[in-house]
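Report on the structure
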Amino acid sequence: MSTEHSSGKGYTRLPQSISNTDSENEDEHPYRLTSKPLGNQSVLQDSPSAQQNGQFCPIDKQTNLTNRSRNGCGILDPSKDNVPIITIEKHGYSSSWNHRTVSPFRFFCLILSILVCVCTILVFLYFLPCDSSLNCQTDEESSAFVPWNKSLQGIEIHGRISMVKGPSDNLIFLLHGQRYGDNLDSVTGQQQIPPQGGGVLSIRGSNGIPLWWVSLKRLPVDINCTILDVDGSGKPDCLVAGEKGLLIAIEPTAGTVHWSSTLNTYSELPVLLSDANSDGIDDLLSVESSEEFNSNLLLVSGKNGELLSRYKFSEDCKVTRIYGLEVSSDISYLCSDRNGKLISGVKRLSEILGSSNILNAKQRLFSPPKTAPKVFPVLEHDFKNYTRNLTLYTTLHIQNQGTCPGKSCLTTVNIKQGKLGNETSIWSYACQNTFTVEPAMYNLFPAEPNVTGFVLKFWRWTGEERRIRNVETDTFEQKVTEVIVTVLVNRTVVRVVNIGENEITQLCRRDDCQPSLKLHTHSMAVMDIDNNGLQDLISYRSSYKVEKPQVLESTIEIVRLDDGVFDSSKPLNCAAV
């Protein structure tokens, strides 16, 4: 017995002295058997099974000795150690030909592979190809754009509307903090926009979901997201200019701030110049705001917003704004003398750069341009009057007179046809105590050169307006009716349709009101949001809710400009002349 154990065969013959009672007890309690380790095996003590040299010989029903010999197994002989056994291992009952227990590492890989499969299924079911914020739609349903409107509290939207092209066209707006009433948290509810400050907001064009926003302590005034590539990525970035020297560059997809200039520039967008310092990025020309009478021109790096050169005017004139850069490299500007009289002037760019230490700039800047110069669109100096060419011989004229609201406030709109000096009016409109903001132009029929259209927005202070003075804060309310109309011009036929009216409540302190009329003069734009060739009107408005707490609410609305908008029959008040 002991010799057989030491030989490693792991088999012990059944003692002949065992009783029938013992065998019966073992049958009744088969799992009470104990195992004894021998090398790499665990064998059953007092069991009529064995394994020879660790080699498994399966029980073969065939009695062919040749086959068994070929398999390396001999003839079954109860008196020898070649009987196949079933062993009971340390951690449970299993057959001797099963694999050993799975290692922790393999078990971890198994669980990980299952999780990866489950995650992949979930991604395809709920994330692809549908947007995470929308339910899955069929191709026909997803291709149909649904106009939407979005309301945001605690902010005033103002300024120009920008669109950034991409997989999902995004709309970018400028913000102004709430100045009166209860200054609530802004869009995300995590950070408050300062009452005198503002920010930049990006919204997904397809459904109006806010994507990102940047809070600014200074009020932004103008923005451009189409020309300047700050990081050399091949995609334009947003350049924002504002009050108190605000000049900042923002990446439009994620809202990352590339740089914020520490220079005290004026509140309008600078002039875009070709690369002046050989860093591969276009540079900027702006005006320095200072208490001195003579203003300085600043050459600013487009890559990091740092000062490259400063030029001081010698003439007795304080520069107030730059109109732009001409093809001849002349800088046109507007300045005021000591008596406040505005004077326009032109300065050679070579003269401005002559005093700088920038090398190789002149050769690049003054060489014949291969393409048309890139310039930012310049804000009209007189935001009250607009002139737009509709067709080759049709012109739109808008004039706002007096101070609004008031008895002297008057707006007139004229559509004239003919050559300059020999024009005749084919449609006109006039209304007192009304202001017309900048029109939004569109063309429903590009193949028809004599057919064009535009959208007008009026702010009308009616005689029934309520002025309720708040003694504690010295503020009062006044009511404004916002009217939006579409105008379609087909040669001499003019069709005007009122497509919407909204009530706006302003809170004012003396003549300073919010929402501001001046900040809403660019509150419309016509764009193709879903790239299907159809025109969409993007319009925003802001209004206070007069019930307590007083909250400023801004609303962005999308309207599809197709033949359906001309089915409206709402009257246009203030009868046309």
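Our structure is the block above this text.
Residues numbered from 1 in each chain as written. Predicted model: local features only at pLDDT ≥ 70, side-chain atom pairs only at ≥ 80, totals over all residues. Heavy atoms only, no water.

**With respect to the state of the cysteines**
- Inspection of every chain in the model, using the stated rule, returns 3 disulfides.
- Covalently, C225 is tied to C238 through a disulfide, its sulfur atoms 2.0 Å apart. Between C225 and C238, the S-S dihedral sits near 115°, and the bridge is therefore right-handed. Remark: C238 occurs in strand 11 (residues 238-242) and C225 occurs in the loop between strand 10 (220-224) and strand 11; sequence separation between them is 13 residues.
- The exposure class assigned to C225 is buried, which follows from its relative accessible area of 6%.
- Accessibility expressed as a relative area gives 1% for C238, which makes it buried.
- Each disulfide pairs two cysteine sulfurs, and for C404 the partner residue is C409, the sulfurs being separated by 1.8 Å. Taking the torsion about the sulfur-sulfur bond, which here is approximately 75°, the covalent link between C404 and C409 counts as right-handed.
- On the accessibility criterion, C409 (0% relative accessible area) is buried.
- Between C117, a free cysteine, and C119, which holds the nearest cysteine sulfur, the sulfur-to-sulfur gap is 9.3 Å. (Disulfide = S-S within 2.5 Å. Helix = DSSP H or I, 4+ residues; strand = E, 2+ residues; numbered from the N terminus. Buried < 20%, exposed > 50% of the residue type's maximum accessible area, 1.4 Å probe, protein only.)

**What to know about the pairing of strand 34 (residues 551-561)**
- Burial within strand 34 is extensive, with 8 of its 11 residues counted as buried.
- Direction of pairing for strand 5 (residues 149-153) relative to strand 34: antiparallel, over a ladder of 5 bridges. By the bridge assignment for strand 34, Q153 is matched with E553.
- Bridge analysis of strand 33 (residues 535-545) against strand 34 gives 11 bridges, and the strand direction is antiparallel. Note that in strand 34 the partner of L537 across the bridge is V559. (Pairing = 2+ DSSP bridges.)

**Notes on the environment of D275**
- Examined against the element boundaries, D275 turns out to sit in the loop between strand 14 (271-273) and strand 15 (283-288).
- D275 sits in the buried class, given a relative accessible area of 14%.
- Taking the C-alpha atoms as reference points, D275 and G302, separated by 27 residues in sequence, lie 8.4 Å from one another.
- Polar side-chain contacts of D275 include one of 3.4 Å to the backbone nitrogen of N277. (Polar contact = N/O pair within 3.5 Å; in protein donor to acceptor, adjacent residues only side chain to side chain.)

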